[in-house]
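# Remarks on the overall topology
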Amino acid sequence: MTWSVALAVTMAAAPALAQPAAASTTALVGGTLMPGDGPTIENATVVIRDGRVLSVSAGGAVPAGAEEIDCRGAVITPGFVGTQVPMGLVEIELEPSTVDQAPEEEDADPIRASFSVVDGYNPMSTLIPIARRWGVTSVVSTPMGGLVSGTSGWMDLRGQNLDQVLVEARAGLHVDLGDAGVDAGGGARSSALGLLREAFDDARLYRQRRAQFDRRGLREMSISRLDLERMGEAIAGDFPVVVRVSRANDILRVLAFAREQGVRLVLAGAEEGWMVAAQIAAADVPVILQPMTNLPAQFSQLHARYDNATLLHAAGVRIVITTDGAHGLRNLRQEAGNAIASGLPVDAALRALTVEPARVFGVEDRYGAVAPGRVANLVVWTGDPFEVTTWARQVFIRGERVPLTTRQSLLFERYRDLESVPRGIRGLPRAPSD
């Protein structure tokens, strides 16, 4: 940000700053700001009021009465956004009572568009503080399984009930055309695409003739009424259709399918995306990917490589970086760091964790960057956020500083001094010490 732009930002906020600061005003002073959507600002002053960023400037004044936090030597970034993970839907993967990411697979319908994560999301999950400890402040909690997995929701990672954390109840409709989704859709790519095409055609007919459907005046539909409603909303463009797909030729088929159906497409996975990067860029379709996927875990991923993100970005594809599931969300910045090591520019990596997720899921007017008017989700790091030796000093969600304790840190503190912890069988004497 140039001095003139910084001055303009500060002057735009001047009328508000002229008044005495409210108790909820906080100023982060002296840090290096990487705003997510713009150049780095040295010696930045970031003023937060009532949950939003009030102003951003280089060397700006602190409002009277504001809580001032010294950030000299630190780096400030927007909070990271986790995508394509079942955060809040799974606790212990091998304990079914703690898994709400999908219905039981044995008899489950392969098309479950109306399956909504907000109905099962747990804001008190013990995985949330762990992700938060490493700079993740929001998540697009995503259902798993089936051919059409269901509808994701955008949540902030602070609060004890759904009303406190929910940002968007319907962030995206998620489809799996990877190996697992194809199996659920009949075991062959042709059968899965045919089933998906029929579901979208039925949803389009339902939207056009809903009254006739209610009078039982239409042919039998292939999916339930609630699924028809949800897929119809995707057809109308209310939210994107996120399709998990790996193989290069399958990616081209999905691009053609999206054009045919007129839906707003997002690719997920796209391990062989680098092979068809020009076509993805021409279609202006963003990609959610995991940069560290470089092994052929499946036959559809034979050409996976570490620099997939770099090659897609170089071709003009907008990318979003994710990681392997809710338990791995704490490693999100390391995924980005490895993408940087494989050639992805630092600013593109930061955008892939902040600005691009907000843009893909339609909340860019509120989230993604540290800028006036945006929700104050931000992190103060001890140094470069993409280095493994760096950690978060402070994390703010909706302008409030959140504790960085986790279940692991509490257990560590409890048992760090083993002399004070009772051991052995009660009533028996302890072994003498040396």
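So, a few notes on the structure that sits alongside this text. (Residues numbered from 1 in each chain as written. Predicted model: local features only at pLDDT ≥ 70, side-chain atom pairs only at ≥ 80, totals over all residues. Heavy atoms only, no water.)

Sheet topology note: the strand S8 (residues 148–156)/strand S9 (residues 166–176) ladder contains six bridges and is antiparallel. The partner of Thr-151 across the bridge, within S9, is Leu-173. Pairing between S9 and strand S10 (residues 241–245): four bridges, direction parallel. Along S10, the bridge assignment pairs Val-175 with Val-243. (Pairing = 2+ DSSP bridges. Helix = DSSP H or I, 4+ residues; strand = E, 2+ residues; numbered from the N terminus.)

What the rule picks out here adds up to five aromatic pairs. With 5.7 Å between their ring centres and 70° between their planes, Phe-200 and Phe-257 make a pair best called edge-to-face. On the criterion of sequence distance, the pair formed by Phe-200 in helix H6 (residues 189–208) and Phe-257 in helix H9 (residues 248–261) is long-range, its members being 57 residues apart. Across the pair, exposure class does not vary: Phe-200 and Phe-257 are buried alike. (Phe/Tyr/Trp six-rings, centres within 6.5 Å; stacked < 30°, edge-to-face > 60°. Buried < 20%, exposed > 50% of the residue type's maximum accessible area, 1.4 Å probe, protein only.)

This part is about a nonpolar patch on the surface. Taken together, the side chains of Leu-411, Tyr-415 and Leu-418 present a nonpolar region at the surface, about 260 Å² in accessible area. Relative to the elements of secondary structure, Tyr-415 occurs in helix H15 (residues 407–415). Classification of Tyr-415 by relative accessible area gives partly exposed; the value is 37%. (Patch = residues over 30% accessible without salt bridge, like charges linked within 9 Å, V, L, I, M, F, W, Y side chains within 5 Å. Areas by Shrake-Rupley, 256 points an atom, 1.4 Å probe, with all protein chains shown as cover. Salt bridge = Lys/Arg side-chain N within 4 Å of Asp/Glu carboxyl O.)

As a further point, take unusual backbone geometry. One non-glycine residue, Asp-284, lies in the positive phi region at around 55°. Counting through the fold element by element, Asp-284 comes out in the loop between helix H10 (277–282) and strand S12 (287–289). Of note, Arg-398 is a non-glycine position whose phi angle comes to about 55°, a positive value. Looking at where Arg-398 falls in the secondary structure, it is placed in the loop between strand S15 (392–397) and strand S16 (400–401).

With 14 residues, H9 should reach 20 Å at 1.5 Å per residue; the first-to-last C-alpha distance of 20 Å fits that figure. Burial in H9 covers these residues: Ala-248, Asp-250, Ile-251, Val-254, Leu-255, Phe-257, Ala-258 and Gln-261. Where H9 is buried, its residues meet H6, S10, strand S11 (265–269) and H10. After H9 finishes, the residue Gly-262 shows a positive phi value of roughly 70°. (Expected span 1.5 Å × (residues − 1). Contact = heavy atoms within 4.5 Å.)

We now examine the pattern of salt bridges. Side chains carrying opposite charge are able to pair once their charged atoms draw close together. Tallied over the full model, the rule gives 21 salt bridges. Between Glu-260 and Arg-197 there is a salt bridge whose closest N-O contact spans 2.8 Å. Separated by 63 residues along the polypeptide, Glu-260 in helix H9 and Arg-197 in helix H6 bring together distant segments of the chain. Here Arg-210 ties to Glu-229 by a salt bridge, and the two come within 3.8 Å at their closest N and O atoms. Of the two residues, Arg-210 is situated in helix H7 (residues 210–214) and Glu-229 in helix H8 (residues 225–235); the sequence distance between them amounts to 19 residues. Residue class for Arg-210 comes out partly exposed when judged on its relative accessible area of 33%. What you see here is one network of salt bridges that share partners, running through Asp-179, Arg-189, Arg-247, Asp-250 and Arg-253.

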